[in-house]
Amino acid sequence: MALTRTPVVAGWFTEDGPDGGFRLLGTRCSACTTVFFPREDAYCRNPHCPGGGGLAEVPLSARGRVWSYTDGRYRPPAPYVSDPDEPWEPYTLVAVELEAEAMVVLGQAAPGVGVADLAVGMEVEVEGGVLNEDEDAGTAWTTWRFRPVPAAGAAS
Ligand SMILES: [Zn+2]
């Protein structure tokens, strides 16, 4: 049976962005142009905002640059949910600076991408991925990840 792809958090990303690809979704204040991610739908949180604007959904930049990164080699304590009978799979966390939005977004690196593959300033691209599959519920929980963009001119 095919699993239904369901975002792990509703409204934070789309698999059908402006160029048909994966994009994170934020909101932008029409009065001061500040962009929020995670999305802010209630009111603009910029203290210098003149006010009077509305918040509209906007796709964030598909690419950014590595601002910082680290990896998690140990199983976090409760309330983190994980199966203690399964071996712990280390994961890599990346903080990515989006120049156009003037913000830093956190996410996991794509599978197979470790800290040795990353460097501050490296260009990365956001992509969709499956966090986990729940066969019983028929659901694949989807999330976002970052993958290094091959340098221009590099052999692929
Ligand atoms: Zn504002």
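In the annotation of an unreviewed UniProt entry, the protein is listed under the name Benzoylsuccinyl-CoA thiolase and assigned to Streptomyces xanthophaeus.

A. Focus on the overall build of the protein. Of the regular secondary structure elements, the protein holds zero helices and ten strands. Going residue by residue from the N terminus, the α and β elements of the protein occur as β-β-β-β-β-β-β-β-β-β. Expressed along its principal axes, the backbone C-alpha trace of the protein runs to roughly 55 × 45 × 35 Å. Among the 156 residues that make up the protein, the fraction classed as buried is 18%. Contacts in the protein between residues far apart in sequence, at least 24 positions, make up 54% of those at least 6 positions apart.

B. Representation of the pairing of strand E6 (residues 63-72) in the model. Where E6 meets strand E9 (residues 123-134), three bridges bridge the pair, whose relative direction is antiparallel. Bridge assignment links Arg65 to a residue of E9, and that residue is Glu123.

C. View of the environment of Phe13. Here Phe13 is to be found in strand E2 (residues 13-14). Since 23 C-beta atoms lie within 10 Å of it, Phe13 is described here as buried. Distance in space between the C-alpha atoms of Phe13 and Gly128 is 8.8 Å, their sequence separation being 115 residues. The contact partners of Phe13, leaving out residues within four places of it in the chain, are Pro7, Phe22, Arg23, Leu24, Leu25 and Trp144.

D. Expanded view of the nonpolar core. Grouped together as the largest cluster of nonpolar side chains are 15 residues, with contacts concentrated most on Leu24, Val94, Val96, Val126 and Phe146. Broken down by secondary-structure element, the contributors of at least two residues to this core are strand E7 (91-98), strand E8 (103-109), E9 and strand E10 (139-148). Element by element, the count of residues in this core is highest for E7, at three residues. Residues contacting Val94, with those up to four places away along its chain left out, are Val66, Tyr69, Gly107, Ala109, Leu118, Val124 and Phe146.

E. Quick look at unusual backbone geometry. The amide bond that connects Phe37 to the next residue, Pro38, takes the cis arrangement and shows omega of 0°. With respect to the helices, strands and loops of the structure, Pro38 is situated in the loop between strand E4 (35-36) and strand E5 (55-59). Although it is not a glycine, Thr33 sits at a positive phi angle of roughly 65°. Its location among the elements puts Thr33 in the loop between strand E3 (23-29) and E4.

F. Structural context of the pairing of E8. Alignment of E7 against E8, held across six bridges, turns out to be antiparallel. Bridge assignment links Leu98 to a residue of E8, and that residue is Met103. From the end of E7 to the start of E8, which pair antiparallel, there are four residues, and Ala102 there has a positive phi angle of about 55°. Strand direction decides the pairing type here: E8 and E10, joined by two bridges, are parallel. Directly across from Gln108, in E10, lies its bridge partner Arg145.

G. Seen up close, the environment of Val96. Locating Val96 in the fold gives a position in strand E7. C-beta crowding within 10 Å serves as the criterion here: with 25 such atoms nearby, Val96 is assigned to the buried category. It is 8.6 Å that separates the C-alpha atoms of Val96 and Tyr69, two residues lying 27 residues apart in sequence. Ignoring sequence-local partners within four residues, the contact set of Val96 consists of Gly64, Arg65, Val66, Trp67, Val104, Val105, Gly107, Val124 and Phe146.

So, how was this worked out
- Residues numbered from 1 in each chain as written.
- Predicted model: local features only at pLDDT ≥ 70, side-chain atom pairs only at ≥ 80, totals over all residues.
- Helix = DSSP H or I, 4+ residues; strand = E, 2+ residues; numbered from the N terminus.
- Buried ≥ 20, exposed ≤ 12 C-beta atoms within 10 Å, placed from the backbone.
- Contact = placed C-beta atoms within 7 Å.
- Pairing = 2+ DSSP bridges.
- Core = buried A, V, L, I, M, F, W, Y, C linked by C-beta atoms within 7 Å.

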